[in-house]
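Observations on chain architecture
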Number of protein chains: 2
Amino acid sequence: MLYLVGLGLGDAKDVTVRGLEVIRSCSRVYLEAYTSILSVGKEALEEFYGRELILADRETVEQEADEILRDSKESDVAFLVVGDPFGATTHSDLVLRATKAGIQYRVIHNASILSAVGCCGLQLYNFGETVSIVFWTDSWKPESFYDKIRRNRLSGMHTLCLLDIKVKEQSIENLMKGRKIFEPPRYMTVNQAAEQLMEIVQNRRKLGEELAITENTICVGLARVGACDQKIASGTLQQLCMVDLGGPLHSLVISGCMHPLELDMLRQFAVDPSNFDQINVEDSSTYLSV
Amino acid sequence: MLYLVGLGLGDAKDVTVRGLEVIRSCSRVYLEAYTSILSVGKEALEEFYGRELILADRETVEQEADEILRDSKESDVAFLVVGDPFGATTHSDLVLRATKAGIQYRVIHNASILSAVGCCGLQLYNFGETVSIVFWTDSWKPESFYDKIRRNRLSGMHTLCLLDIKVKEQSIENLMKGRKIFEPPRYMTVNQAAEQLMEIVQNRRKLGEELAITENTICVGLARVGACDQKIASGTLQQLCMVDLGGPLHSLVISGCMHPLELDMLRQFAVDPSNFDQINVEDSSTYLSV
């Protein structure tokens, strides 16, 4: 049996009781290490689970899936994923390979940022399509996520923006020279995401587009959701360019139309509580005018 | 401290290790009992947690919130919610009351159907707005959810439909006579949801509307997601009117535009694998023509 076990969002203790039983009973335990991270490292997990973990980076999962599945018809193998196992595409591929090889699989679900984001007080029912914001480079500045946020917002929906993670990236020089030297991991902050979004807003303004999002749109920055030191900050897009939310992982939410109860919840996390209601009034009027 | 603890989706063992520690250490433990259910009852949870649980129905949470929060400045109180604590609106209200009273709160996240639905193989990133389908009565047959599904589908997005739950409902007779006698709980099945949707499709066809959803649209029925006996069935809307998925809770997904990998996953769960690819071709052509 192949077990896909979600680890949740915070630290080692966020695994479920069933998940922990599975981890302790499997003959091999892999830890997927490229779509998300916990606030603790592999060693802390190994100590808590009482098991040695085999790190599975993107290369391993994509190219050595057969090794992961080896013997799993006769014995049990666990594949651990931060959050819920079906957050990222790659794991469908692993499941399909297992099924093709006649290996049964079972999923042990856990919290995912896609539902845990509800902790900021915005209703999950009012979220539209989720978007990903990637790190821009000097020559590559995709804006497509903006149009999705715009579409959600014009329908009154909130947007969860998942922020880029770069692990095991090689510099162009090392890549060209075939040197397996990797850059330090990079995790996009709410500040970086907000700045990229501000730049798009400014570009679109120059083009004369009617703006559904402005510097004053109410957004929410979330950091380390589910961990003991999680942080949530609400404010204008401009305010979120400056707020300090600490270490990774960060997520950004762009608000749509808000129910009074949603506003009451967001007010708790306001960067500047004194003018929070004022900016909401301004924001709604901008967005209703489009 | 007020702890809002998610219990996940299956049975007692789907609580997280941290959640279990909290439950065992709190002075009072409430179990929210109206937005969702686990496949096991209160007694099984009490035995596993080693704690007595106080059932909190909608009335208790809405009208006796102060009793739930009593003494939680000095001692710890846990409020248990099936799935993730922020799936339903009512709990924002409890959190705001706590904050107003100067009581700190902490959320212990867990799996929610909103992310666990990914186990059917449809990518979570490709879901649009979530809708709720309510039980129709002879005189009340709301169709608004259809228009949301239609909007998602025209953008190529999948739609998760949460199906109605009726607990502690009174018959009109008992209500009028002021008798606190409650009807047995009712949980909408995938069959019932599919039938209601079929009726709307037929109504809209009569009105001459161009249909984005037909009897042949590929849908997915899910039952008891996360439990040992979970069932997933994919097929046309018409096929899902007949499929037997067993006991509650059920959810229904209406597909949008599908990636080949998503189709490969859904094929595993096909009601009729022999014609699954054929129906997909027919379905896509209907929907692309609108």
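Thresholds, definitions, all that
- Residues numbered from 1 in each chain as written.
- Chains lettered and ligands numbered in written order.
- Predicted model: local features only at pLDDT ≥ 70, side-chain atom pairs only at ≥ 80, totals over all residues.
- Heavy atoms only, no water.
- Axes fitted to C-alpha atoms, helices over the stretch in contact; angles between N-to-C directions.
- Helix = DSSP H or I, 4+ residues; strand = E, 2+ residues; numbered from the N terminus.
- Parallel < 35°, antiparallel > 145°, perpendicular 65-115°, else oblique.
- Contact = heavy atoms within 4.5 Å.
- Nonpolar A, V, L, I, M, F, W, Y, C, P; charged D, E, K, R; others polar.
- Buried area = accessible area lost by both parts, 1.4 Å probe.
- Salt bridge = Lys/Arg side-chain N within 4 Å of Asp/Glu carboxyl O.
- Polar contact = N/O pair within 3.5 Å; in protein donor to acceptor, adjacent residues only side chain to side chain.
- 1 Å grid on protein atoms, 1.4 Å probe; cavity = no way out; pocket = protein on both sides within 12 Å on 5 of 7 lines; lining within 4 Å.
- Points joined across faces, edges and corners; volume = space filled by probe spheres on them.
- Least-squares fit on C-alpha atoms with pLDDT ≥ 70 in both.
- Buried < 20%, exposed > 50% of the residue type's maximum accessible area, 1.4 Å probe, protein only.
- Pairing = 2+ DSSP bridges.
- UniProt positions renumbered as here; feature names shortened; annotations may be inferred.

Overview of the packing of helix H7 (residues 144–154) of chain B against helix H9 (residues 190–206) of chain B
Residues and elements named next belong to chain B.
- Where H7 contacts H9, the axes come no closer than 10 Å and their chain directions differ by 80°. Accordingly, the angle class assigned to the pair H7 and H9 is roughly perpendicular. Between H7 and H9, the residues in contact are Phe145, Tyr146, Asp147 and Ile149 and Leu197, Ile200, Val201 and Arg204, respectively.
- Its residues placed into classes, the contact of H7 with H9 shows six nonpolar, no polar and two charged.

Here's the deal with the interface of chain B and chain A
- The partner chain A presents 52 residues to the 53 residues of chain B that form the contact.
- Surface buried jointly by chain B and chain A totals about 4500 Å² across both partners, of which 59% is contributed by carbon and sulfur atoms.
- For the chain B face of the interface with chain A, the top three residues by lost area are Arg18, His109 and Tyr125 of chain B, together amounting to 14%.
- Inspection of the chain B/chain A interface yields six salt bridges.
- Note that Asp11 of chain A and Arg18 of chain B form a salt bridge whose closest N and O atoms lie 2.3 Å from each other.
- Counting across the interface, chain B meets chain A through 17 residue pairs in polar contact (both at pLDDT 80 or more).
- Broken down by secondary-structure element, the contributors of at least two residues to the side of chain B that touches chain A are helix H1 (17–25), helix H5 (90–100), strand S5 (105–108), helix H6 (113–116) and helix H11 (260–267) of chain B.
- Per-element tally for the side of chain B that touches chain A: the top contributor is H5 of chain B, with five residues.
- Of the residues in the side of chain B that touches chain A, the class split is 24 nonpolar, 18 polar and eleven charged.

Some remarks on empty space enclosed by the protein
- All told, the structure shown has three cavities of 30 Å³ or more when counted by the stated rule.
- One number sums up the size of the largest cavity: a volume of about 210 Å³.
- As for the largest cavity, its lining consists of 14 residues, of which Leu114 and Thr130 of chain A together with Leu114, Gly128 and Thr130 of chain B are closest to the centre.
- Residues of the lining of the largest cavity, tallied by class, amount to ten nonpolar, four polar and no charged.

Points about the relation of the copies chain B and chain A
- Structural alignment of chain B on chain A gives an RMSD of 0.0 Å, achieved by rotating through 180° and translating 0.0 Å along the axis. What the superposition gives is, in effect, a two-fold axis relating one chain to the other.

Examining the pairing of strand S10 (residues 218–223) of chain B
All names here are of chain B.
- By the criterion of burial, S10 is predominantly enclosed, with six of the six residues buried.
- Residue alternation in S10 divides its side chains into two sets, Ile218, Val220 and Leu222 and Cys219, Gly221 and Ala223, and both sets are buried.
- Here six bridges tie S10 to strand S11 (residues 231–236), and the two strands are oriented antiparallel to one another. If you follow Gly221 over to S11, its bridge partner there is Ala233.
- Here S10 runs beside strand S12 (residues 250–254); their pairing, made up of five bridges, is antiparallel. The residue of S12 that forms the bridge with Gly221 is Leu252.

Regarding the UniProt feature "binding site: S-adenosyl-L-methionine" (unreviewed entry) in chain A
Residue and element names in this part refer to chain A.
- Listed under "binding site: S-adenosyl-L-methionine" (unreviewed entry) in the UniProt record, and renumbered for this structure, are Leu9, Asp84, Gly87, Ser112, Ile113, Leu163, Val225 and His250.
- Considering the arrangement of structural elements, one finds Leu9 in the loop between strand S1 (2–6) and helix H1 (17–25).
- Filtering out sequence-adjacent residues up to four positions away, Leu9 remains in contact with Asp14, Leu38, Gly83, Ala111, Ser112, Ile113, Ala116 and Val225.
- Relative to the helices and strands, Asp84 resides in the loop between strand S4 (77–81) and helix H5 (90–100).

A few points about the pattern of salt bridges
Residues and elements named next belong to chain A.
- Tallying each qualifying case throughout the model produces 48 salt bridges over all chains.
- For Glu215, the salt bridge goes to Arg205, with nearest N and O atoms at 2.8 Å. Pair noted here: Glu215 is in the loop between helix H9 (190–206) and strand S10 (218–223) and Arg205 is in helix H9, with a separation of ten residues, a long-range link.
- Residue classification places Arg205 among the partly exposed positions, given a relative accessible area of 40%.

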